[in-house]
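Below, each chain spelled out in residue letters.
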Amino acid sequence: KKIRSNIERIFELAVADELVEYNPTPSPRLMPKSRHVVQHMAHLAYERAPEFWQWLMSRPRMSVQTRTGIAMALLLAKRSQEIRFIEWSHIDFDNAIWTTPANRMKMRKEHRQPLTQPILSMLHDLKRLTGNQRYALGVADKPISENAMLLAVKRFDDITIHGFRATCGTWCTDNHVDREVSKFIKAHQPKYLDAAYDHSDVLEQRRVALQRWADYVTG
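My aim in this report is to walk through the structure given alongside it, one point at a time. (Residues numbered from 1 in each chain as written. Predicted model: local features only at pLDDT ≥ 70, side-chain atom pairs only at ≥ 80, totals over all residues. Heavy atoms only, no water.)

## Examining the sheet that holds strand S1 (residues 91–92)
Point 1. The antiparallel open sheet is built from three strands, whose spatial order is S1-S2-S3. Unpaired on one side and paired on the other, S1 and strand S3 (111–114) mark the two borders of the sheet.
Point 2. When S1 meets strand S2 (residues 97–100), the two strands line up antiparallel, connected through two bridges. Residue pairing in the sheet places Ile-91 in a bridge with Trp-98 of S2.
Point 3. Of the strands in this sheet, S2 and S3 are in contact with helix H10 (residues 203–218), which crosses S3 at around 40°. (Pairing = 2+ DSSP bridges. Helix = DSSP H or I, 4+ residues; strand = E, 2+ residues; numbered from the N terminus. Contact = heavy atoms within 4.5 Å. Axes fitted to C-alpha atoms, helices over the stretch in contact; angles between N-to-C directions.)

As structure tokens, then:
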């Protein structure tokens, strides 16, 4: 439907500019009917997360940037783009907080995420390599490529980077993590009225929950 609509507008302009004589785009009622089926990203069952972690840590040829990015996706439930474009200036090592600016967030709202011990340790190691660059996971001062992490995890199983958000979220549900805390971990926008009257982002509660999750995954 979107493609048909775009083509229609192009031909309307072409007719107005006398480039063509008529608009050949079919009428909307002639388009085939279709039912939208929601397909969720393939994700890793959280019971297999420790197995995946051992696999991830033992890859001899994987770059440290790719390994760290995948670890951040799994342990912090952050989106791929947020991870790829993380800058050293976004990380507060003293307080163990990663702040993603609004322009990198899906909902265009700044998001703070506590950094748990495994990720802090990996970032400290990475800083020795890319600390003089803009992007933490950068190569030659450019962000890591979109497919680097995805192709790497495909070698383990048919899963996706985005699917790690469901992995972490399911573990939170099964391990009695407060629902609001789980929402803020995944940066899901709170309801408007709730957000208007409650400005807390439950940062420290998330720190506790994410450390429990990291301890489970890393053993």
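## A few points about the packing of helix H7 (residues 163–174) against H10
Point 1. Running from N to C, H7 and H10 point in directions that differ by 105°, and their axes come no closer than 11 Å. When the axis of H7 is compared with that of H10, the two are roughly perpendicular. When H7 is examined against H10, the residues Thr-167, Cys-168 and Trp-171 are found in contact with a partner set consisting of Ala-209, Leu-210, Arg-212, Trp-213 and Tyr-216.
Point 2. For the contact of H7 with H10, the per-class residue count stands at six nonpolar, one polar and one charged. (Parallel < 35°, antiparallel > 145°, perpendicular 65-115°, else oblique. Nonpolar A, V, L, I, M, F, W, Y, C, P; charged D, E, K, R; others polar.)

## Concerning the environment of Arg-108
Point 1. In this fold, Arg-108 is placed in the loop between S2 and S3.
Point 2. By relative accessible area, Arg-108 is classed as exposed at 56%.
Point 3. Expressed as a C-alpha distance, the spacing of Arg-108 and Asp-215, which sit 107 residues apart in the sequence, is 31 Å.
Point 4. If sequence neighbours within four positions are ignored, Arg-108 has contacts with Ala-102 and Asn-103. (Buried < 20%, exposed > 50% of the residue type's maximum accessible area, 1.4 Å probe, protein only.)

## Looking at the packing of aromatic side chains
Pairs of aromatic rings are described using the distance from one ring centre to the other and the angle between the two planes.
Point 1. Going through the model one piece at a time under the given rule, you end up with ten aromatic pairs.
Point 2. For the pair Phe-52 and Phe-156, a centre-to-centre distance of 5.1 Å together with 85° between the ring planes defines the contact as edge-to-face. Placement of Phe-52 in helix H2 (residues 49–57) and of Phe-156 in the loop between helix H6 (146–154) and H7 is noted, with a sequence separation of 104 residues between them.
Point 3. Members of the aromatic cluster, joined through ring pairs, are Tyr-46, Trp-171, Trp-213 and Tyr-216.
Point 4. One residue, Arg-104, lies across the ring of Phe-85, its end atom 3.8 Å from the ring centre. (Phe/Tyr/Trp six-rings, centres within 6.5 Å; stacked < 30°, edge-to-face > 60°. Lys NZ or Arg CZ within 6 Å of the ring centre and 35° of its normal.)

## Things to note about the state of the cysteines
Point 1. Under the definition given, this model contains zero disulfides.
Point 2. Between Cys-168, a free cysteine, and Cys-172, which holds the nearest cysteine sulfur, the sulfur-to-sulfur gap is 4.2 Å.
Point 3. By relative accessible area, which is 1% here, Cys-168 ends up buried.
Point 4. With a relative accessible area of 2%, Cys-172 lands in the buried category. (Disulfide = S-S within 2.5 Å.)

Read these as geometric descriptors, not functional statements.
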